[in-house]
Amino acid sequence: MEKNGEKIVNPAAKGRETSEFLMAIVRTLSTSADFEQREKEKARIEKTFTQSDKRLGELVSENYQELAQITQDFSTISKSVNEAREKIKKIKDDLSSCKTLLHCKRDELRRLWIEGVEQKTMVAMLDQIEQIKEVPTKLDNLLAKKHYLHGTELVVNAVAKLENQLVGVEALRDLKAELITRKEQLHDVLIDELNKQIYIKSPNISSLPGKRGSSVVKQDTLKRKGVNGIPAPEKIEFGKEVKEDLNANPEDDPAHFIAILVESLYMLRKIPEAAEGLKVKIQPELSAIVARTSQAILESTSNHVDASNQSQCLLDFLESIFHQFRFVAHMHKVVLRNLHKIIVSGVPVRQECLYDMTDVWSKIQAVVELLLREYLDVENTASSRQRAPTSFDEPSTDINSFFAKKRPTKPKKMALFRFDASIHAISTNSYVDDSRAFDTGDLFSSTLLAEMGLEKNQMVCKPSVYNITAIFKPLESFIREIEDAIACPDGTSSLQAFVTDFVQNIFLGQVHYTVSTSIGSATKVDEEDESFDALRHVVDHKTQKELGVSRPLLTSTVTVDKNLQELRELMQDLPDYADQFLNMICNTLKEYKDTCHSAYREIVQYDSDDRRVISAMWAKDEDISRFLRSLPSWRSLQSSSGQELASDDVCSEEEIKALNSKEAQILISNLTSSDGLIQQEIITDVTQMRTIANVHESVEWFSNRIKDFSNRLCARSNTTPAETEAAEYPPVSEKTLSSLKNLVKDFQDLAEICLLLLHLEVRVHCFYFLLPVAKQSNYAGPIDDLDPDSNVLKLNKDLSSMEEVLQQSLQPKKFKYIFESLGFLVASILMNSIQYMKKINENGIKKMCRNLFAIQQNLTNITMSREPDLDHARQYYELLYINPDDVITMIAEKGSQYTFQEYTELIKLHHRSHAALSPSQLENRMQKLKEVFFKTPNGD
């Protein structure tokens, strides 16, 4: 073996080598026969010995100190060993003597040992007694710091000692009774502390969601992050031993604190009682949360909740309740996981003694349902309000009773006077109603309120079925959380069943009743003259300004629109019932459309249902209506209402004049074809003209609003989930949406018909007053008969009356459309009427010119334009001053200014007015007119 390059020789092996070497030398010397050889060997050995001795001397010299120390140490050790041998020998002798002595005093030693054991036991018992006497004080200190695990262990161990080791100590009887009582009371303390952790330590009211749109803690958020620092129950490690740190605040870790409380109850062997106690306290504690939250919100609003913020207060209140209930459910889940951990560890507890999360969510649903019953006023509305229609699939809801004409009812006997409408009675009743409305029913017990120091619980807002609109979405979200948590076997929780039943059987009926009543009061019939008030009353200027309109609208239309706006808001607030509300909208629109049509027919019909005013028949006539809608004036109205007028539709002045001429020809041909005059086929009451104008403006405004609403709706079958999420309104049935758009078109058609009716009615009035001017008046009278015809004066008065009412009721562009080109029509009527004059003289010509001038002045005041067409007509009649031959010469020289037919009628009247002229002269002049007219550049 080598170490650090040097060979290490084993001493034993070295000794064997030395012996073998000596034996080899002896053997060599003894066996060698040659003396010389022996001498050589001897010399070699001596030399080697000399070298070895020398080496040994050197080594001794080098290691003298070590050898001396070794020798000294050896001597000391040898001396110590000898002394130890002597002491051992002495001890053996002493032990032998002791053994002999002990054998002699065995009984006395046994007695002394027994006395010693008794003394030690008594000392230990005294120590235990001293410790147990300190248990109440230590227990109070531990409970004050909420170190319940150490406190429970302390009292349990103390009672165990008093019932076992110290059972016979009579002096401890009172202490034993006290500790047993404290042990029993500790069970209640632990249950109360558990309830406090579950209910009282819920999130602070001030930190709860308090504004619309604030994020509410969802259950998935609870699972990920926990509540107030508490990990989700699935994340708690239950395999670890529950330990309590006396130097830390146990409430800093609520989950661990709950585990400590459950472990303490297990030490007390009170797990079944604890589970039962927790189960029994669920509903009262939830009700207490509701009461505390209600009181906190009322205090934050200084006990003043007005009508403007009632819905917001209720929403804040309910979101706070939901947030705390989620926390309660989460804490119960933590408690149940700890209880199940105890059961899994082998503790014999019957499963039926425990509760589960289904029980917790069931109690939560029960409290929320009671809360909703109070705030939604279920009991009152269920007994006194109308029920909703059984089906909303078709717009067949019968609210005709609010639109149909009502027969006069017999007057009821009335009391002479009453005091229930006095200011004192009204204020008193209002106070009583408000107090009753804000009191709760069966939700809070008197004991609970007494514990909170309240005489009664005040609600954060008045009970009303319409409160559902503010809370429906968060309520549905909370219900979905419940259904996901308990996995309802039938797919619907009891709370969802209550909400569905309330909305379908109470709320929809109440909405239907309210809308019907509101519309019914706005469209009621005047019992005195059985006329429709719906088309009489218009909104005041303040409402008109708020609506942003320049002309009056019917009160009934604004009322219907307001009710429809409420229904539209309900579609947003209760998206699950959007189809039902949209069907209500369609039903209301259909009934109001029928109301407007009925009122319209009542205005345009007379004598019998089969006879109508002329303008109404023409407005409904497809050919005339289509022609009027094709005129530039009508198209300009459409362009000003938001539709661009195409460049192809822009007409020149000549084309407009030609179209106006065509319109006049159509009207003249229809109204002058018969030999009779118009007999009362016009609207003589200008207030009815105002009514029609109001209907037009109202229905047009109304139809635009409905159209805008329908354009923002989307059919359920054509909507993707992403579009549904971004849509302003929830998707609806395609069939109902189609019905709504058809109703929009019906209202637009009614508005257009009303405007066409006014356009035609003004023109029919011109025919009504101007046709008798030529047919019945005398234009060959004396010189003093120069005043305008009475019918002309009546026409001017009629036009002024219509101007007054229509200018106030119609927008300027529509007013212009009504009276635009009216001068051309009047000129055409009077020029065409020349054929009905028997004869005329210069006085008659002056009278006709005065007629035209009077009408021109009136129309100029109305249209604010010169009306040159009437100048053209006056010049036409002034041609009667000239000899027909001169007229023909003028045509030949300057060209024609009128049609061939107009020149023909002019010459014929001239001949009828001069009896001396022969028929042959008329024939010659007509022939000459024909030749000259059709040769001129302007001839037809």
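Rules of the game
- Residues numbered from 1 in each chain as written.
- Predicted model: local features only at pLDDT ≥ 70, side-chain atom pairs only at ≥ 80, totals over all residues.
- Heavy atoms only, no water.
- Helix = DSSP H or I, 4+ residues; strand = E, 2+ residues; numbered from the N terminus.
- Buried < 20%, exposed > 50% of the residue type's maximum accessible area, 1.4 Å probe, protein only.
- Areas by Shrake-Rupley, 256 points an atom, 1.4 Å probe, with all protein chains shown as cover.
- Contact = heavy atoms within 4.5 Å.
- Polar contact = N/O pair within 3.5 Å; in protein donor to acceptor, adjacent residues only side chain to side chain.
- Core = buried A, V, L, I, M, F, W, Y, C linked by side-chain atoms within 4.5 Å.
- Salt bridge = Lys/Arg side-chain N within 4 Å of Asp/Glu carboxyl O.
- Phe/Tyr/Trp six-rings, centres within 6.5 Å; stacked < 30°, edge-to-face > 60°.
- Axes fitted to C-alpha atoms, helices over the stretch in contact; angles between N-to-C directions.
- Parallel < 35°, antiparallel > 145°, perpendicular 65-115°, else oblique.
- Left-handed = near helix turned anticlockwise from the far one by under 90°.
- Nonpolar A, V, L, I, M, F, W, Y, C, P; charged D, E, K, R; others polar.
- Patch = residues over 30% accessible without salt bridge, like charges linked within 9 Å, V, L, I, M, F, W, Y side chains within 5 Å.
- pLDDT = per-residue confidence, 0-100.

Enquirer: Explain the overall build of the protein here, please?
Expert: What the protein contains, in helices and strands, is 35 helices and four strands. Across the 940 residues that make up the protein, the buried fraction comes to 42%. Accessible area for the protein stands at about 52400 Å²; split by element, carbon and sulfur atoms hold 51% of it.

Enquirer: Explain the environment of Ser615 here, please?
Expert: For Ser615, the location among the structural elements is in helix H21 (residues 614–620). The spatial distance from the C-alpha of Ser615 to the C-alpha of Cys754 is 10.0 Å, given a sequence separation of 139 residues. Excluding residues that lie within four positions of it along the chain, Ser615 makes contacts with Leu757, Leu760, Glu761 and Val764.

Enquirer: Help me understand the environment of Ser828 in this model?
Expert: Looking at where Ser828 falls in the secondary structure, it is placed in helix H30 (residues 822–832). When the C-alpha positions of Ser828 and Asp869 are compared, they lie 8.6 Å apart, and in sequence the two are 41 residues distant. Not counting residues within four places of it along the chain, the set of residues in contact with Ser828 comprises Ala664 and Ile668.

Enquirer: What exactly am I supposed to notice about the environment of Ala255 here?
Expert: With respect to the element layout, Ala255 can be found in helix H9 (residues 254–267). Taking the C-alpha atoms as reference points, Ala255 and Gln197, separated by 58 residues in sequence, lie 9.5 Å from one another.

Enquirer: Mind showing me how you'd approach the side chain of Glu193 here?
Expert: Relative to the elements of secondary structure, Glu193 occurs in helix H7 (residues 173–200). Exposure remark for Glu193: the relative accessible area of 3% places this residue in the buried category. A distance of 3.1 Å separates the side chain of Glu193 from the side chain of Tyr148, its partner in a polar contact. Setting aside chain neighbours within four positions, we find Glu193 in contact with Lys146, Tyr148, Glu251, Phe257 and Leu261.

Enquirer: Is there a simple way to think about the side chain of Lys814 in this case?
Expert: Structurally, Lys814 can be placed in helix H29 (residues 812–819). Look past the residues within four positions of Lys814 in its chain and what remains in contact with it is Leu637, His696, Glu697, Glu700 and Leu755.

Enquirer: Which parts of the structure should I look at to understand the nonpolar core?
Expert: Considering soluble globular proteins, one finds that nonpolar side chains tend to be buried as a cluster. With 215 residues, the main nonpolar core has Phe581 and Leu806 as its most contacted residues. By residue number, the principal contributor to this core is helix H27 (residues 734–775), which donates 23 residues. Ignoring sequence-local partners within four residues, the contact set of Leu806 consists of Met689, Ala693, Leu758, Phe815, Ile818 and Phe819.

Enquirer: Quick question: what am I supposed to make of the pattern of salt bridges here?
Expert: Two side chains that carry opposite charge are able to pair once their charged atoms sit near each other. Inspection of every chain in the model, using the stated rule, returns 26 salt bridges. Residues Glu41 and Arg44 are paired through a salt bridge, measuring 2.0 Å at the closest nitrogen-oxygen approach. Residue Glu41 and its partner Arg44 are located together in helix H2 (residues 35–62), separated by three residues, close to a single helical turn. Put simply, Glu115 and Arg111 hold a salt bridge, and the shortest N to O gap is 3.0 Å. Of this pair, Glu115 and Arg111 both sit in helix H4 (residues 106–133), four residues apart, which is roughly one turn of that helix. On the basis of relative accessible area, Glu115 is assigned to the partly exposed category, the value being 37%.

Enquirer: It is not clear to me how the packing of aromatic side chains should be interpreted in this structure. Could you clarify?
Expert: To describe a pair of aromatic rings, you give the distance between the ring centres and the angle between the ring planes. Overall, the coordinates contain 22 aromatic pairs when judged by the stated rule. Ring geometry for Tyr768 and Phe769: centres 4.9 Å apart, planes at 85°, overall edge-to-face. Between Phe900 and Phe934, the aromatic rings sit 5.2 Å apart at their centres with planes inclined by 40°, giving tilted as the arrangement. Placement of the pair is Phe900 in helix H34 (residues 900–913) and Phe934 in the segment after helix H35 (919–933), with a sequence separation of 34 residues. Of the aromatic side chains, those joined through ring pairs into one cluster are Tyr876, Tyr877, Tyr898, Phe900, Tyr903, Phe933 and Phe934.

Enquirer: It is not clear to me how the packing of helix H28 (residues 790–809) against H29 should be interpreted in this structure. Could you clarify?
Expert: A pair of packed helices can be characterised by two numbers: the angle between their axes and the separation between those axes. Where H28 meets H29, the closest approach of the two axes is 10 Å, and the angle between their N-to-C directions is 160°. On the basis of their axis angle, the class for H28 and H29 is roughly antiparallel. The two elements H28 and H29 cross, and the hand of that crossing is right-handed. Of the residues in H29, those in contact with Leu799, Met802, Glu803, Leu806 and Gln807 of H28 are Phe815, Ile818 and Phe819. A per-class count over the contact of H28 with H29 returns six nonpolar, one polar and one charged.

Enquirer: Looking at this structure, I do not really get the packing of helix H11 (residues 310–344) against helix H16 (residues 468–486). What am I missing?
Expert: For the pair H11 and H16, the least separation of the axes is 9 Å and the interaxial angle reads 10°. Classified by the angle their axes make, H11 and H16 are roughly parallel. Along its contact with H11, which presents Ser311, Leu314, Leu315, Leu318, Glu319, Phe322, Phe325 and Arg326, the element H16 presents Ala470, Ile471, Pro474, Leu475, Phe478 and Glu481. Each residue belonging to the contact of H11 with H16 can be placed in one class, and the counts come to ten nonpolar, one polar and three charged.

Enquirer: Would you take a moment to explain unusual backbone geometry for this structure?
Expert: Generally, phi is negative for residues other than glycine and the peptide bonds are trans, each holding for most cases. For Lys146, which is not glycine, the phi torsion reads 65° and is therefore positive. You can see Lys146 is positioned in the loop between helix H5 (135–144) and helix H6 (148–163). Take Lys146: its relative accessible area is 17%, and that puts it in the buried class. Residue Glu867 is not a glycine yet carries a positive backbone phi of 55°. By secondary structure assignment, the location of Glu867 is in the loop between helix H31 (842–863) and helix H32 (868–878). Note on Glu867: relative accessible area 7%, which makes it buried.

Enquirer: Whenever I open this one, a nonpolar patch on the surface confuses me. Can you help?
Expert: On the surface, a cluster of nonpolar side chains totalling about 490 Å² of accessible area is made up of Leu56, Val60, Tyr64, Leu67 and Ile70. Listing elements by their share of the nonpolar patch, those giving two or more residues are H2 and helix H3 (64–104). Examined against the element boundaries, Leu56 turns out to sit in helix H2.

Enquirer: Looking at this model, I keep getting lost on the confidence of the model for the protein. Mind explaining?
Expert: Regions with low pLDDT carry predicted coordinates that are not meant to be interpreted in detail. Summarising the model, the protein shows a mean pLDDT of 79, and 78% of its residues fall at 70 or more. Note on residues 1–6: pLDDT under 50 across the span, and six contacts to partners over four residues away in sequence or across chains.

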